[in-house]
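So you can see what is in the structure, the chains are spelled out below.
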Amino acid sequence: MDFSTARGSAKLSLTAASLAVTALLAADPEIAVAQNAQSDGFAAARAGAIEHAQKMRRLFPDIDEDTQATPPVIPELEIDLDSGGAIATFQPKGSTVTAENGFFQNLGTNGRTCFTCHQPQDGWSLSARHAKDRFHANSNDPLFRLVDGATCPSDDVSTHRAKRKAYSLLLARGLIRIGLPIPSSGLEFQITDVNDPYGCNTNPMTGLTGSTTGTVSVYRRPLPAANLGFLSAIMWDGREPSLFSQAVDATLGHAQGAVAPTGTQQQQIVTFEGCTGVNTPALCANTPAGAGVFTAQIFDDAGQFLFSKGANGGPISLSQQVTKFFLGVNDPLGQNPTGAPFSAEVFDLYSSWGNLHGHSPKSERRQAIARGEELFNTTNINITGVAGLNDALNQPNIPGFCGTCHDTPNVGNHSVKAPLNIGVANAGATSPPALDITGLPVFTIWCTNGPLTGQMFEVTDPGRALITGKCADIGKVKGPILRGLAARAPYFHNGSAATLADVVEFYNKRFDIGFTDQERADLVAFLSAL
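Below or above, wherever it landed, is the structure these notes cover.

## Remarks on the sheet that holds strand β13 (residues 456-459)
The sheet built from three strands is open, its strands ordered β6-β12-β13 with antiparallel pairing. Pairing within the sheet leaves two strands with one partner each, and these edge strands are β6 (189-195) and β13. Each strand of the sheet is rotated relative to its neighbour by a mean of 20°, with strand direction disregarded. Alignment of β6 against strand β12 (residues 442-447), held across six bridges, turns out to be antiparallel. Paired with N195 across the two strands is V442, which belongs to β12.

Printed below as a string of structure tokens:
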């Protein structure tokens, strides 16, 4: 089969899949009831996480009291060096005076602000490299707090050496501990065993109190606090209904606040971040149009400026695209409300560079970035074993592309709520290829109710199942926004890919794609330029 025929076959298959999804949704009279129950489960998970954080504050108070160092102003355009060039921050509405915005204010009890874990040089996330730098500069930095910076709140931090051990996952992988309760309603599984090198899950004071009760500690990467107007789901497991609730929960949880931020403070935080207008339009009514912070790679060490010679890299052009985003845009499974067909040509930032010639380092790098973008758009992938996709459609093989799961144009996240398990959280015999999951706890989960009764899972993170209680959601997380990747290593929700080369090799092996060395290098060049 030639390339054009293969692509046509893939699109036909996806069209058939979209019809199946549409029919499934239309035919199920229990969808609304299930969604209401799900909302209740999300609220219970969020409340349980806050209760756990507050309990840890009482049981294991921090001995360090340093507050967050914050610049007086975040300028309209800020450029920071990263490992491959430079990352840029752009605010269409102008600069932000930090003293006048709740995002940068100490609203908790442990010296933290939102800015503690979301800074511009890390693409408004947190890189492991800068976590190490901050520890070496000042191990009392508010980033290093027991509640979630340590492997467990009960860790010894009485000496510098003890702190290094306690904050080992934060330093090595940029991971934050998340304590979530096992759902009490509609639970379909038991956690029959935990291999936890830190003892946090196995200690009843900080973790599980039984196979179906207590708190589960998982370790996840902080998501960026920028480009949020493109979000279809908030948090890795989608547990937050809005950025307003997320601001409250982060203050009461990560900052261990005694009281929730006021309505005014919540609005300041969301105005700085950028409201999810298409997701929560009523809540975003008071957020000025065009507000928010955008981040993207703007300069490549070899390719230089990513917005020259017809290219559209950088955060300024990205900010201009948010008005084109809507839930379901370019969705491959028939959930685009306009009815427009899916296009695998998700990115066109560097298409103009595909026509460049020359052999200078700059020209060759730009050509590599353009080839990588083309590979992202056109590589045929036989999608197999993806929970939330293959099982939901009852299709063991789905011809697709990178854009099948990264469909939002020039952004790369899911344009609908579509949590998937591609195997990153797997452990044991099904451990993910090319990824490093050492040092993460491993949960053995036995399904006792529901469609998957009798099945066993080994995972480093139960994922969305900790919110819904459903076995079908074990290991599922959302696909994050891809812009600004170069600044926020390591990758995936559990930090198991140290570099973008590891990310590419995981997909190459997981789906048996067969990339050549040149194709791997080109894809890494493209991803580094996002």
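After that view, the rundown keeps rolling.
## A word on unusual backbone geometry
P490 follows A489 through a cis peptide bond whose omega is 0°. Tracing the backbone shows P490 in the loop between α11 (465-468) and α12 (500-510). The backbone of W124 shows a phi angle near 60°, a positive value even though the residue is not glycine. Secondary-structure assignment places W124 in the loop between β4 (96-97) and α3 (128-137). Despite not being glycine, N394 has its phi angle at roughly 55°, a positive value.

## Considering the packing of aromatic side chains
All told, the structure shown has 22 aromatic pairs when counted by the stated rule. Taken together, a centroid distance of 5.2 Å and an interplanar angle of 80° make the contact between F135 and F144 edge-to-face. A relative accessible area of 1% means that F135 is categorised as buried. On the basis of relative accessible area, F144 is assigned to the buried category, the value being 0%. An aromatic cluster is defined as three or more aromatic residues linked by ring pairs; in this entry it consists of F103, F104, F115, W124 and F272.

## A look at the state of the cysteines
Summed over the entire model, instances satisfying the criterion amount to three disulfides. Each disulfide pairs two cysteine sulfurs, and for C152 the partner residue is C200, the sulfurs being separated by 2.1 Å. Classification of the bridge connecting C152 and C200 rests on its S-S torsion, roughly 70°, and on that basis the disulfide is right-handed. One end of the pair, C152, is in the loop between α3 and α4 (160-166); the other, C200, is in the loop between β6 and β7 (215-220), with 48 residues separating them in the sequence. With its sulfur 2.2 Å from that of its partner, C447 forms a disulfide with C471.

## A few points about the side chain of R220
With respect to the helices, strands and loops of the structure, R220 is situated in strand β7. Reaching out from R220, the side chain makes a polar contact with the side chain of D461 at a distance of 2.8 Å.

## Topic: the pattern of salt bridges
In this structure the tally under the stated criterion is 16 salt bridges. A salt bridge links R112 to D148, with the shortest nitrogen-to-oxygen separation between them at 2.7 Å. Here D148 lies in the loop between α3 and α4 and R112 lies in the loop between β4 and α3, a separation of 36 residues in the sequence. Judged on exposure class, the residue R112 and its partner D148 are both buried. Close ionic contact of K470 with E188 constitutes a salt bridge, the shortest N to O distance being 3.7 Å. Taken together, the residues span a long stretch of sequence, with K470 in the loop between α11 and α12 and E188 in the loop between β5 (176-181) and β6 at a distance of 282 residues. Assessed through its relative accessible area of 34%, K470 is described here as partly exposed. One continuous salt-bridge network, built from bridges that share partners, spans R220, D237, R239 and D461.

Criteria and thresholds
- Residues numbered from 1 in each chain as written.
- Predicted model: local features only at pLDDT ≥ 70, side-chain atom pairs only at ≥ 80, totals over all residues.
- Heavy atoms only, no water.
- Pairing = 2+ DSSP bridges.
- Helix = DSSP H or I, 4+ residues; strand = E, 2+ residues; numbered from the N terminus.
- Axes fitted to C-alpha atoms, helices over the stretch in contact; angles between N-to-C directions.
- Phe/Tyr/Trp six-rings, centres within 6.5 Å; stacked < 30°, edge-to-face > 60°.
- Buried < 20%, exposed > 50% of the residue type's maximum accessible area, 1.4 Å probe, protein only.
- Disulfide = S-S within 2.5 Å.
- Polar contact = N/O pair within 3.5 Å; in protein donor to acceptor, adjacent residues only side chain to side chain.
- Salt bridge = Lys/Arg side-chain N within 4 Å of Asp/Glu carboxyl O.

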